[in-house]
Amino acid sequence: MKKIINSPETVVEDMLRGIVAANPQLALAEGMSVIYRKEMSKKVGLVSGGGSGHEPAHAGYVGRGMLDAAVSGNVFSSPDPERILEAIKRADSGKGVLLIIKNYSGDCMNFTMAQELAEMEDIEVDYVIVRDDVAVEDSLHSTGRRGIAGTVFVHKICGAMAETGGSLEQVKAVAEKTIANVRSIGMALSSCTIPAIGKPGFALAEDEMEIGMGIHGEPGVGRCKIMPAKELAEVMLDRIIRDFDKDGGIGGEVSLMVNGYGATPLMELFILNAEVGNILHEKGVTIYKTYVGNYMTALDMAGSSITLLRMDEELKSLLDAVVDTPALKGGA
């Protein structure tokens, strides 16, 4: 294992100190792995987080127009309720706090436990659960669909609504609207190496890829031979579009995110982006806004995910709003 670290045991705190050193508008709650905005805004607070290893998610999205605090667990491990409670307190201005949770059993359990602890201290807290991964069948009897890169759209749109002065109920409502309209699927060309383990978690042959791979290395829908970017885009989009068809269809306008998993060159992401755009154009779908880069990674995994968000005028306005965080900036 070759990594630029001090020790596998200290990678998370060392990383968070580095984020704060590069972004003086942020602060770190030492020993709690919570990054928060130094200047607390007088609005609904937004908190997200989860296991580390997905950078820039989630600490990279703390700032104006997105999150107020983010809590990091160990690599690929949910943070405990005490740390999540610390993040809630750092985000609470008295207007209530919304937790944005990715749909994994550990995160769901620990974040909702932290909600109960916060309410015992008279902090109003609500939550939403993101489940955008169409590679996993949704089910009421299991954890169901995983939350992956579509979570970033939820952060952005909720953050914009909160900045307008929206109530906790209004911010939650637009979060649920975004969740209902976002779909993602990933693929992998290689495994990743968790620092504490020191070796890849699984192996793919030189001529293999896996479609539907999760951001922690969870199995996808199947392995297949390497295919050209055009064919890969067709396979991935087909699953997303078929899922939209269960709920009224893809519609005429979407925003697109082509997300890298950590070890994929931008050259390859842009090639995939071009092929996705061509296919959507052929289907009569307009791309309102495009994001290409590393937004929710899986350490050093080679691979990518595609996310589509169905747009309407409200979502356009909120997606266009000003955002100023370490990992995402823009708006007018």
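Conventions we followed
- Residues numbered from 1 in each chain as written.
- Predicted model: local features only at pLDDT ≥ 70, side-chain atom pairs only at ≥ 80, totals over all residues.
- Heavy atoms only, no water.
- Buried < 20%, exposed > 50% of the residue type's maximum accessible area, 1.4 Å probe, protein only.
- Helix = DSSP H or I, 4+ residues; strand = E, 2+ residues; numbered from the N terminus.
- Pairing = 2+ DSSP bridges.
- Right-handed = clockwise from strand over helix to strand, strands pointing away.
- Salt bridge = Lys/Arg side-chain N within 4 Å of Asp/Glu carboxyl O.
- Contact = heavy atoms within 4.5 Å.
- Core = buried A, V, L, I, M, F, W, Y, C linked by side-chain atoms within 4.5 Å.

1. Re the pairing of strand 10 (residues 253-260)
Within a regular strand, side chains alternate between the sheet's two faces. For strand 10, a buried count of seven out of eight residues is recorded, marking the element as mostly surrounded by other parts of the structure. As defined by bridge partners, strand 10 adjoins strand 11 (residues 286-293) across seven bridges and the pair is classed as parallel. Residue pairing across strands places Ser-255 opposite Lys-289, the latter belonging to strand 11. Tracing the backbone out of strand 10, into helix 7 (residues 266-282) and back to the parallel element strand 11 gives a crossover that is right-handed. Here seven bridges tie strand 10 to strand 12 (residues 303-310), and the two strands are oriented antiparallel to one another. If you follow Met-257 over to strand 12, its bridge partner there is Thr-307.

2. A word on the pattern of salt bridges
This structure, assessed with the given rule, holds 27 salt bridges. Across the pair Arg-17 and Glu-30 runs a salt bridge whose closest N-O atoms are separated by 3.4 Å. Separated by 13 residues along the polypeptide, Arg-17 in helix 1 (residues 11-22) and Glu-30 in the loop between strand 1 (26-29) and strand 2 (34-37) bring together distant segments of the chain. Classification of Arg-17 by relative accessible area gives partly exposed; the value is 40%. The salt bridge involving Lys-289 is made with Asp-320; its shortest N-O contact spans 3.1 Å. In this pair, Lys-289 sits in strand 11 while Asp-320 sits in helix 8 (residues 313-320), placing the two residues 31 residues apart along the sequence. When salt bridges with common partners are traced through the structure, they connect Arg-145, Arg-183, Asp-243, Lys-246, Asp-247 and Arg-310 into a single cluster.

3. Thoughts on the side chain of Ser-305
With respect to the helices, strands and loops of the structure, Ser-305 is situated in strand 12. Assessed through its relative accessible area of 0%, Ser-305 is described here as buried. In this view, Ser-305 contacts Ala-149, Ile-185, Gly-186, Met-236, Met-257, Val-258, Asn-259 and Tyr-261; residues no more than four positions away in its chain are not counted.

4. Considerations on the nonpolar core
Residues Ile-35, Tyr-61, Leu-98, Ile-100, Cys-158, Val-171 and Met-301 are the most contacted members of the largest nonpolar core, which totals 59 residues. The element best represented in this core is helix 4 (residues 150-163), accounting for eight residues. Filtering out sequence-adjacent residues up to four positions away, Tyr-61 remains in contact with Pro-56, Met-66, Leu-67, Val-152, His-155, Tyr-295, Thr-325, Ala-327 and Leu-328. Ala-135, Met-187, Met-209 and Ala-233 belong to the second-largest nonpolar core, a separate cluster that totals 27 residues.

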